[in-house]
Amino acid sequence: MIFKSTRGAEEATSAKAIAQGLAKDGGLFVPEHFAQISQKELLELSDKDYNEQAKVILQKYLTEYTNDEISQCVDEAYSKGTFPDGQVVYKKVTEKISVLELWHGPTSAFKDMALQLLPKLLTKAIEKTGEKKEVVILVATSGDTGKAALEGFCDVAGTKIVVFYPQDGVSQIQKLQMITQKGDNVSVFAIKGNFDDAQTGVKKLFSDKDMIATMQNKGYVFSSANSINWGRLVPQIIYYFNAYFSAVQNKTIAFGDKVNFAVPTGNFGNILAGYYAKCMGLPINKFICASNSNNVLADFIKTGVYNRNRPFHQTISPSMDILVSSNLERLLYHLTDGDSKQVASWMQDLNEQGCYDIGQECKKSLQENFVGYWIDDEQTKKTIKEVFEKTGCLLDTHTAVAWFAANCHDGLEHTIVVSTASPFKFAIDVLSAVQPNATTEPFEALQELAKISKLNIPPKMQELENLPKLHNQTIDAGQMKQTLEQILKI
Ligand SMILES: *Cc1c(COP(=O)(O)O)cnc(C)c1O
């Protein structure tokens, strides 16, 4: 399978697309066509376990990898050790709605589904592309990505990972998760500034010509663990298939029936993987794109105009606090049948005016597949409380947004709500939604939440309180380059 840049100026094998992360013309790598799964194959796949389903789907896109290599990567990534409760957990909650829990991995967020596998695919990709250098993964994080990437890359041979997080911009649990990270190849720094300062600093490093040349001389090359990397998108296709088969197995739907998926959306990576599953032949009707007060996607789906010129809101669902959803560029490429000139021109408009209009025809195909809804923090908390009281199901602040959106959509199909984080990960806000005057001390909140929900605190979160704090440095945003030079001794 050949991969193309969404802006048209580069082609790559899957291995090169994964090793490189972003295309050189600034575009994102996309497969030249959607791999197809026939009805017969779909039936066969439905009887297999998660890892076997993963292997079949990955083989269709990662054609430069041998079947043995893919098997090895998958079995190492999705093992009992990393996912003790099973890779994903499917639950029918009401007649109309099921929940697919994607947070039973090591960091209790859905990003583990991709970031446990990506380092394994990347190591192999580097061998295949003949890259002899050590790969340096730079991450700017507002919380979930940093920890999931640290867990994924910890002690992976031939890689180093450096994470920068805003000093006051992550929750206490998220901060503890990062600063207690073990591993000989990991570094974590707090930045005096907000997430944008960290992100801008990382982007500057990625494009610093002097830095890149020095790195080359010393045997290093940069890559990305962000969802712009194809190697992070492709693992996410698998669980859409798996969820569908679970719904068939527990007789919520009959084989061949269509379902909807409601997805709490930030960078548009998760929901886009679902669109790939649909285009491959999985019977899906609509994707319900759920946003918080940063409602740029809901407006876009309604009007066909993407406009990032609006205030940024800090919300209780911080992983969705985003005004530019990078993966939308991949969707636009597919909706226009691979018109890379058109995509490049919209992206230029976005850069220069913060805004672009996809026109009537493209809007029509967008709306055939997607609907969008958004709610604010107050409504999110109300949803957590109502769902908990009515069904006993305790949702985190992100998943609650998707639950609400699922109920806004009128339709006969069953809807699967994609659950992206453990409620314990956002314990303080979840607790305050279900209990008035709740504690604001994070470990007390975990205990209290466990008591009322009768769920177990994820062991790795429980033990955070007593782990040694290994990464205590805070730096100015202006010191990021110097800090990196010190770590790499260049
Ligand atoms: C990252 C994240 C999201 C958003 O996913 P995208 O792929 O960026 O759309 C939603 N919820 C949680 C908990 C996340 O960590």
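Before any of the text, the structure's been laid out above.
Read on for an overview of the structure. Bear in mind the structure is a predicted one, so any value in this text is a computation, not a measurement.

Calculation notes
- Along every chain, residues carry numbers that run from 1 in the direction the sequence is written.
- In keeping with the predicted nature of the model, local features appear solely for residues at pLDDT of at least 70, side-chain atom pairs appear and are counted solely at 80 or more, and the whole-chain, interface and lining totals rest on all residues.
- To obtain the side-chain values, all non-hydrogen atoms of the structure were included, while hydrogens and water were left out.
- By the criteria applied, helices consist of DSSP H or I runs no shorter than four residues and strands consist of E runs no shorter than two, each listed in order from the N terminus.
- Using C-alpha atoms as the atom set, the radius of gyration is obtained and then compared with a globule rule of 2.2 Å times the number of residues to the power 0.38.
- Remark: exposure states derive from per-residue accessible area (1.4 Å probe, protein chains only) relative to the maximum for the residue type, with buried under 20%, exposed over 50%, and partly exposed in between.
- Contacts between residues were defined by any pair of non-hydrogen atoms, one from each residue, lying within 4.5 Å.
- For the accessible areas, the method is Shrake-Rupley and the probe is 1.4 Å, while residue cover comes only from the protein chains on display.
- Here Asp and Glu are counted as negative and Lys and Arg as positive; His is not counted, and neither are the chain ends.
- Where a charge lies is defined by one atom per residue type: Lys uses NZ, Arg uses CZ, Asp uses CG and Glu uses CD.
- Expected helix span is taken as 1.5 Å per residue step, with the number of steps being one fewer than the number of residues.
- Starting at the helix axis, one direction is taken to each C-beta atom, and the arc is that of these directions.
- We call two strands paired when DSSP finds no fewer than two bridges between them.
- Axes here mean lines fitted to C-alpha atoms, for a helix over just the part in contact, with angles spanning 0 to 180 degrees between N-to-C directions.
- Criterion for a salt bridge: a side-chain nitrogen of Lys or Arg within 4 Å of a carboxyl oxygen of Asp or Glu.
- Being near a molecule or strand, for a residue, comes down to having at least one heavy atom within 4 Å of it.
- Pairing of N or O atoms within 3.5 Å defines a polar contact, subject to two protein rules: one partner must be a possible hydrogen donor and the other a possible acceptor, and residues neighboring in sequence count only if both atoms are side-chain atoms.
- Put simply, a nonpolar core is a bunch of buried Ala, Val, Leu, Ile, Met, Phe, Trp, Tyr and Cys residues held in one set by side-chain atoms that sit within 4.5 Å of each other.

## Comments concerning the overall build of the protein
- From N to C terminus, the protein includes 22 helices and 16 strands.
- Expected size for 490 residues packed as a compact globule is a radius of gyration near 23 Å; at 21 Å, the protein falls within 12% of this value.
- Taking the principal axes of its C-alpha atoms as reference, the protein extends roughly 60 × 50 × 50 Å.
- Classification of the 490 residues of the protein by burial places 58% in the buried group.
- Excluding contacts between residues fewer than 6 apart, the proportion of contacts in the protein whose partners are at least 24 apart in sequence is 73%.
- Accessible surface for the protein amounts to roughly 19700 Å². Of this, 47% is attributable to carbon and sulfur atoms.
- Within the protein, one finds 50 positive and 57 negative side-chain charges whose respective centroids are separated by 1 Å.

## Observations regarding helix α18 (residues 397-408)
- In this model α18 runs 17 Å from its N-terminal to its C-terminal C-alpha over 12 residues, within 8% of the 16 Å that 1.5 Å per residue would give.
- Counting buried residues in α18 gives nine out of 12 residues, a clear majority hidden from the surface.
- Within α18 the residues assigned to the buried category are Thr397, His398, Thr399, Ala400, Val401, Ala402, Trp403, Ala405 and Ala406.

## Observations regarding helix α9 (residues 195-206)
- Taking 1.5 Å as the rise per residue, α9 with 12 residues should run 16 Å; its terminal C-alpha atoms sit 17 Å apart, in good agreement.
- Every buried residue of α9 is listed here: Ala198, Gly201, Val202 and Leu205. Axial view of α9: buried residues confined to an arc of 95 degrees, hence all on one face. α9 presents Lys203 and Lys204 as exposed residues on the side facing more than 90 degrees away from its buried surface.

## Comments concerning the sheet that holds strand β10 (residues 259-264)
- Pairing is mixed across the open sheet formed by six strands, whose spatial order is β4-β5-β15-β10-β11-β14. Since the sheet does not close on itself, it has two edges, and those belong to β4 (89-92) and β14 (370-374), each with one partner. With strand direction ignored, the average angle separating the axes of adjacent strands in the sheet is 20 degrees.
- In the sheet, strand β11 (residues 284-291) pairs with β14 via five bridges, with the strands oriented parallel. Across the sheet, Cys289 pairs through a bridge with Gly372, a residue of β14.
- Strands β4, β5 (97-101), β10, β11 and β15 (414-419) of the sheet are contacted by helix α11 (residues 230-249), whose axis makes an angle of about 130 degrees with β10.

## Here we look at the pattern of salt bridges
- What the rule picks out here adds up to 20 salt bridges.
- Between Arg7 and Glu329 there is a salt bridge; the shortest N-O distance is 2.8 Å. A residue pair is termed long-range when its members are at least 10 positions apart, and Arg7 in the loop between β1 (3-5) and β2 (11-12) and Glu329 in helix α14 (residues 328-335) qualify at 322 residues.
- Glu329 gets classed as buried once you look at its relative accessible area, which sits at 4%.

## Digging into the sheet that holds strand β3 (residues 29-31)
- Strand order in the open sheet made by the three strands is β2-β1-β3, with antiparallel pairing throughout. Single-partner strands in this sheet number two, and they are β2 and β3.
- Relative to β2, β1 runs antiparallel, the two being bridged by two bridges. The residue of β2 that forms the bridge with Phe3 is Ala12.
- Against the sheet, α14 engages β1 and β3, with an angle of about 40 degrees to β3.

## Section: the pairing of β5
- Where burial is concerned, most of β5 is hidden: five out of the five residues are buried.
- Judged from the four bridges that link them, β4 and β5 form a sheet pairing that is antiparallel. Counted as the bridge partner of Tyr90 is Leu100 from β5.
- In this sheet, β15 lies alongside β5 in parallel orientation, the contact comprising five bridges. Pairing of Val99 across the sheet is with Val417, part of β15.

## Describing the environment of Tyr220
- Among the secondary structure elements, Tyr220 is positioned in strand β9 (residues 220-223).
- When neighbours within four sequence positions are excluded, Tyr220 is seen to be in contact with Lys133, Glu134, Val136, Lys160, Met215, Leu488 and Ile490.

## Here we look at the site of the ligand
- Looking at the ligand, there are 14 residues lining it, with Lys111, Asp144, Gly266, Asn267 and Thr420 nearest.
- At 2.9 Å, a backbone N or O of Asn270 approaches an oxygen atom of the ligand.
- Here a nitrogen atom of the ligand and a side-chain polar atom of Thr420 are 2.9 Å apart.
- In isolation the ligand exposes 380 Å². Once the protein is present, 96% of that is buried.

## Side note on unusual backbone geometry
- A positive phi angle, near 65 degrees, is found at Ser108, a position not held by glycine.
- The phi dihedral of Phe268 is positive, around 70 degrees, even though this residue is not glycine.

## Let's talk about the nonpolar core
- Grouped together as the largest cluster of nonpolar side chains are 148 residues, with contacts concentrated most on Tyr61, Ile237, Tyr240, Phe241, Phe261 and Tyr356.
- Considering every element that reaches this core, the biggest residue donor is α11, with 12 residues.
- When sequence neighbours within four positions are dropped, the list of residues in contact with Tyr240 reads Phe261, Val263, Asn270, Ile271, Ala273, Gly274, Ala277, Leu282, Phe287 and Val418.
- By size, the runner-up hydrophobic cluster in this structure holds 19 residues, among which are Val202, Met211, Leu484 and Ile487.

## Details of the environment of Phe312
- Tracing the chain through its elements places Phe312 in the loop between β12 (305-307) and α14.
- Judged by relative accessible area, Phe312 falls into the partly exposed class, the value being 48%.

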